[in-house]
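Chain residues, written in single-letter form:
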Amino acid sequence: MDINEFLSASQENRAKHLDPLRSDFEEYVFLWFKKSYPEAYKDLKEKFNSFYSQVYAARENEAAQSRAEEEFGDIPF
């Protein structure tokens, strides 16, 4: 999974994450996977850590764009 795939899936997941039962299910899946496949979990965590700074930057950029749109709206520059 590359950064763009992750960001897209993450955004979709956040929209669905409003359901508290979904959150519990996601936690269950995470804990089950971590316990059942510790080596695969370790590998996935290392891969994620390698692009986490890009995820953080993309989300900060998204938040900044939202703030700018709220503040300036449709003012042409």
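Residues numbered from 1 in each chain as written. Predicted model: local features only at pLDDT ≥ 70, side-chain atom pairs only at ≥ 80, totals over all residues. Heavy atoms only, no water.

Bringing the overall build of the protein into the picture now. Per the secondary structure count, the protein includes three helices and zero strands. For the protein, the N- to C-terminal ordering of α and β elements is α-α-α. In the form shown here, the protein has an accessible surface area of approximately 6,800 Å², with 57% of it arising from carbon and sulfur atoms. (Helix = DSSP H or I, 4+ residues; strand = E, 2+ residues; numbered from the N terminus. Areas by Shrake-Rupley, 256 points an atom, 1.4 Å probe, with all protein chains shown as cover.)

What follows covers the side chain of Ser-10. Within the secondary structure, Ser-10 is located in helix 1 (residues 3-16). Residue Ser-10 is classed as buried on the basis of its relative accessible area of 11%. (Buried < 20%, exposed > 50% of the residue type's maximum accessible area, 1.4 Å probe, protein only.)

Per the counting criterion, the structure on display carries seven aromatic pairs. Both rings, one in Phe-30 and one in Tyr-41, keep their centres 5.7 Å apart while their planes meet at 65 degrees; by these two values the pair is edge-to-face. Here Phe-30, found in helix 2 (residues 20-36), pairs with Tyr-41, found in helix 3 (residues 38-72); they are 11 residues apart in sequence, far enough to count as distant. Seen in terms of ring centroids, Trp-32 and Tyr-37 are 5.8 Å apart; in terms of plane orientation they differ by 70 degrees. Their pairing is edge-to-face. Using a relative accessible area of 43% as the deciding quantity, one classes Trp-32 as partly exposed. Of the aromatic side chains, those joined through ring pairs into one cluster are Phe-6, Phe-48, Phe-51 and Tyr-52. (Phe/Tyr/Trp six-rings, centres within 6.5 Å; stacked < 30°, edge-to-face > 60°.)

Per-residue confidence for the protein gives a mean pLDDT of 85, with 88% of residues at or over 70. Looking across the protein, the model is least confident in helix 1, with a mean pLDDT of 79, and most confident in helix 3, with 90. (pLDDT = per-residue confidence, 0-100.)

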